[in-house]
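# Summary of structural features
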Amino acid sequence: MGRLVCLLALVLGACAAPPAPIPADRPIEPAGELEIHVLDVGQGDAILIRTPEGRTVLYDGGPSRTAALDHLRELGVESLDLVVASHPHADHIGGLAAVIEAYRPPSVLDNGLPHTTQTYERYLVAVHEAGSRLLEPEARTLTLGSVALDVLPPPGVASWGLNDNSVGIVVRFGAFRMTLGGDAEGRQWAWWLDEGHVPEGPVEVHKASHHGSRNGDTAGAIGRLAPRTVVIGVGAGNQFGHPHDEALALYRGVGATIVRTDRDGTVSITATSDGRFRVGTEDSSLSHRARTGYDSIESIPPKGDDHAPLGFTNGSGHFHPAGSGRGGGTDRGRHRRRG
Ligand SMILES: [Zn+2]
């Protein structure tokens, strides 16, 4: 274990001169508010996570080359600590090259499986030129200040396809949790469940897998997660008919409130460490609510004793983004290059 931590610290440039010691298995005491913005990028996913300490993570970059970057600038994001590419389909990484070129994040986490598109190549070139380190997509916990990110690993079975090799994340901030599973479909959810990677609910927020497709989230996964709110990253009038009625019924079946970027625009979640959270949408006018039938702003009280406080005992990774070097290395000895 000590060796693993040291190895991780080494690749993050932290071994030679250890920073102020924060125990690897415990983030700093949560205080303030966590912000999560599910960006309106059309048919795709792009989610910005901003900790109370101002640390930032972008999970996926949407289909457009520039929309995610435009959103980040509009939200006043000045730096990114980590970029996560759930899997290399264009509706998830299309905007990442521009984001990585602009922000040069010290660390990038992806599923490690190559793809053959120009979009993927642009992404890889951007990672290489930014000198970002590629993190191993293994089960571990990355901590950024008071926020912990539990990595849900891809199975790494190429024959399952890219959706079922998504990198997922459980965002934890005190008693608040949000789950992000990329475009994971039935096979990956079954595998995550079997391997014990899916947290027991209720989780406060879940990002709909595969844009609310009927072959995204499964009854088993949603039954275990029991999300209070489900956010769907989906484009208006998309050619796939997302979100599908079957998925919406699944979410409603566990009593979840549904918000979706095609109708609500960018969805912003603000959480405190006691598990309270608010969901705000771009257009929260009464007429909009009347039109969509959603409560655009909700405030959900903290959970009672039915939910034991979360521990952080499973953490194995310690994340030191700032000033940790930009050697362009990887922590898996993986040296992907174009061509
Ligand atoms: Zn997708």
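Residues numbered from 1 in each chain as written. Predicted model: local features only at pLDDT ≥ 70, side-chain atom pairs only at ≥ 80, totals over all residues.

Across its full length, the chain holds 10 helices and 16 strands. Counting every position in the chain, which comprises 339 residues, the buried fraction comes to 52%. (Helix = DSSP H or I, 4+ residues; strand = E, 2+ residues; numbered from the N terminus. Buried ≥ 20, exposed ≤ 12 C-beta atoms within 10 Å, placed from the backbone.)

To continue, consider the nonpolar core. Counting 78 residues, the largest nonpolar core has Val-83 and Val-99 as the members making the most contacts within it. Filtering out sequence-adjacent residues up to four positions away, Val-99 remains in contact with Leu-58, Gly-61, Ala-68, Leu-69, Leu-72 and Val-83. (Core = buried A, V, L, I, M, F, W, Y, C linked by C-beta atoms within 7 Å. Contact = placed C-beta atoms within 7 Å.)

What follows concerns the sheet that holds strand β13 (residues 257-260). Read from one edge of the open sheet, seven strands run β7-β8-β9-β10-β11-β12-β13, paired in mixed fashion. Only two strands of the sheet have a single partner each, and these edge strands are β7 (141-144) and β13. This sheet shows a mean twist of 20 degrees between the axes of neighbouring strands, independent of strand direction. As paired strands, strand β12 (residues 229-232) and β13 are joined by four bridges and run parallel to one another. Note on β13: the bridge partner recorded for Thr-229 is Thr-257. (Pairing = 2+ DSSP bridges. Axes fitted to C-alpha atoms, helices over the stretch in contact; angles between N-to-C directions.)

Interaxial distance between helix α2 (residues 67-74) and helix α4 (residues 96-103) falls to 7 Å at its minimum, and their mutual angle equals 45 degrees. When the axis of α2 is compared with that of α4, the two are oblique. Across the interface between the two elements, Ala-68, Leu-69 and Leu-72 of α2 pack against Ala-98, Val-99 and Ala-102 of α4. Residue classes in the contact of α2 with α4 are distributed as six nonpolar, no polar and no charged. (Parallel < 35°, antiparallel > 145°, perpendicular 65-115°, else oblique. Nonpolar A, V, L, I, M, F, W, Y, C, P; charged D, E, K, R; others polar.)

Of all residues in the chain, 75% have pLDDT values of 70 or greater, and the mean over the chain is 82. Note on residues 1-24: pLDDT under 50 across the span, and 28 contacts to partners over four residues away in sequence or across chains. Scored below 50 in pLDDT, residues 332-339 makes nine contacts in the model with residues more than four places away or belonging to other chains. (pLDDT = per-residue confidence, 0-100.)

Our focus in this paragraph is the packing of α4 against helix α5 (residues 118-130). Contact geometry of α4 with α5 gives a least axis separation of 8 Å together with a crossing angle of 10 degrees. The orientation of α4 with respect to α5, classified from their angle, is roughly parallel. Of α5, the residues touching α4 (which contributes Leu-96, Ala-97, Ile-100 and Glu-101) are Arg-122, Tyr-123, Ala-126, Val-127 and Ala-130. For the contact of α4 with α5, the residue count by class is seven nonpolar, no polar and two charged.

Residues Gly-201 and Pro-202 are joined by a peptide bond in cis, for which omega reads 5 degrees. Position of Pro-202 among the secondary structure elements: in the loop between α6 (186-194) and β11 (205-207). The step from His-242 to Pro-243 runs through a cis peptide bond, and the omega angle for that step is -5 degrees. Its place among the elements puts Pro-243 in the loop between β12 and α8 (245-253). With phi around 70 degrees, Asp-60 is a residue other than glycine that occupies positive phi space. Among the residues examined, Asp-60 registers 31 C-beta atoms within 10 Å and is labelled buried. Even without being glycine, His-210 reaches a positive phi, approximately 50 degrees. Tracing the backbone shows His-210 in the loop between β11 and α7 (219-225). In this structure His-210 comes out as buried when scored by C-beta crowding, with 26 C-beta atoms within 10 Å.

Moving on, we get to the pairing of β12. Burial along β12 is two-sided: Thr-229 and Val-231 facing one way and Val-230 and Ile-232 facing the other are all buried. Bridge analysis of β11 against β12 gives three bridges, and the strand direction is parallel. Across the sheet, the residue bridging to Lys-207 is Val-231, located in β12. Handedness of the crossover joining β11 and β12 through α7 is recorded here as right-handed. (Right-handed = clockwise from strand over helix to strand, strands pointing away.)

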